[in-house]
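# Architecture and fold: a report
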Amino acid sequence: NAVDCYLYVGDGKFHPLALVYAQKDKKEMKEIVCNDPIQKKMSLVTANDIKNILRKYKGSLMKFLTSKNIGVIITIKPGQEQFRPALALERRFPNKKFYYFIDNVVSFDQLENFNFIDLWVNTACPRVGFDDQEKFAKGVINLNDALMAEDALSKESL
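Owing to the predicted nature of the structure, the values given are computational and were not obtained by experimental measurement. (Residues numbered from 1 in each chain as written. Predicted model: local features only at pLDDT ≥ 70, side-chain atom pairs only at ≥ 80, totals over all residues. Heavy atoms only, no water.)

Let us look at the sheet that holds strand β4 (residues 69-75). Taking strand neighbours across the sheet as the criterion, the four strands line up as β5-β4-β6-β7 in an open arrangement whose pairing is parallel. The strands lining the two open edges of the sheet, one partner per strand, are β5 (97-103) and β7 (140-142). Pairs of neighbouring strands in the sheet enclose a mean axial angle of 25°, with direction left out of account. Taken together, the three bridges between strand β6 (residues 119-122) and β7 define a ladder with parallel strand orientation. Bridge pairing links Val 121 to Ile 141 in β7. Helix α2 (residues 48-66) rests against β4, β5, β6 and β7 of the sheet, and its axis sits at about 90° to β7. (Pairing = 2+ DSSP bridges. Helix = DSSP H or I, 4+ residues; strand = E, 2+ residues; numbered from the N terminus. Axes fitted to C-alpha atoms, helices over the stretch in contact; angles between N-to-C directions. Contact = heavy atoms within 4.5 Å.)

See below:
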């Protein structure tokens, strides 16, 4: 079952980055060799490609624990709707105030209009919380990580 590296055939970095991220808790991460048939290019995706994202994510987790006003992003898209699970945040963190933003599409630029929000919790596609860190001026974390923020911060990989 030993693997030297992974081969990804396709365009873009979405899936290769997801594969690297999925290995974040492993001692030795395997490289992803990307063969893009559209651009006719080969590239390599490694742990270094996600270090900055992981650093920002860790900062967002720490900010979540100290923030008072939390915006919770909920989509109504089938398969992504997580309103009921998001309500667990109120039970888990009774000292925080949660504001729920429900829409079909997450408009990152519109979130800046809510300047009273200290940090965002994403309940939609989990890749939003990871891939789109730079689109959230105040930071964003995913619902599952918010519910277990202390445990997530204790992991050496973050």
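Let us look at the sheet that holds strand β1 (residues 5-9). If you walk across this open sheet you meet the three strands as β1-β2-β3, and the pairing is mixed. Each edge of the sheet is formed by a strand with only one pairing partner; in this case those strands are β1 and β3 (41-45). Taking the axes of each pair of neighbouring strands and ignoring which way they run, one obtains an average angle of 20° across the sheet. For β1 and strand β2 (residues 31-36), the ladder comprises five bridges, and the chain directions are parallel. The residue bridging Tyr 6 from the neighbouring strand is Ile 32, located in β2. On the sheet, helix α1 (residues 14-22) packs against β1, β2 and β3 and is oriented at approximately 170° with respect to β2.

With that settled, the discussion passes to the packing of aromatic side chains. Following the criterion strictly, the structure yields six aromatic pairs and no others. Plain terms: the ring middles of Phe 83 and Tyr 100 are 5.6 Å apart, the flat faces sit at 75° to each other, and that makes the pair edge-to-face. One end of the pair, Phe 83, is in helix α3 (residues 83-86); the other, Tyr 100, is in strand β5, and 17 residues separate them in sequence. Looking at Phe 83, the relative accessible area reads 29%, which means it is partly exposed. Ring geometry for Phe 101 against Phe 114: centres 4.6 Å apart, planes inclined by 65°, an arrangement best described as edge-to-face. Linking Phe 101 in strand β5 with Phe 114 in the loop between α5 (108-111) and β6, this pair joins segments that are 13 residues apart in sequence. An aromatic cluster is present here, built from Tyr 99, Phe 101, Phe 114, Phe 116 and Trp 120 joined pairwise through their rings. Of note, Lys 97 hangs over the ring of Tyr 99, and the distance from its end group to the ring centre comes to 5.5 Å. (Phe/Tyr/Trp six-rings, centres within 6.5 Å; stacked < 30°, edge-to-face > 60°. Buried < 20%, exposed > 50% of the residue type's maximum accessible area, 1.4 Å probe, protein only. Lys NZ or Arg CZ within 6 Å of the ring centre and 35° of its normal.)

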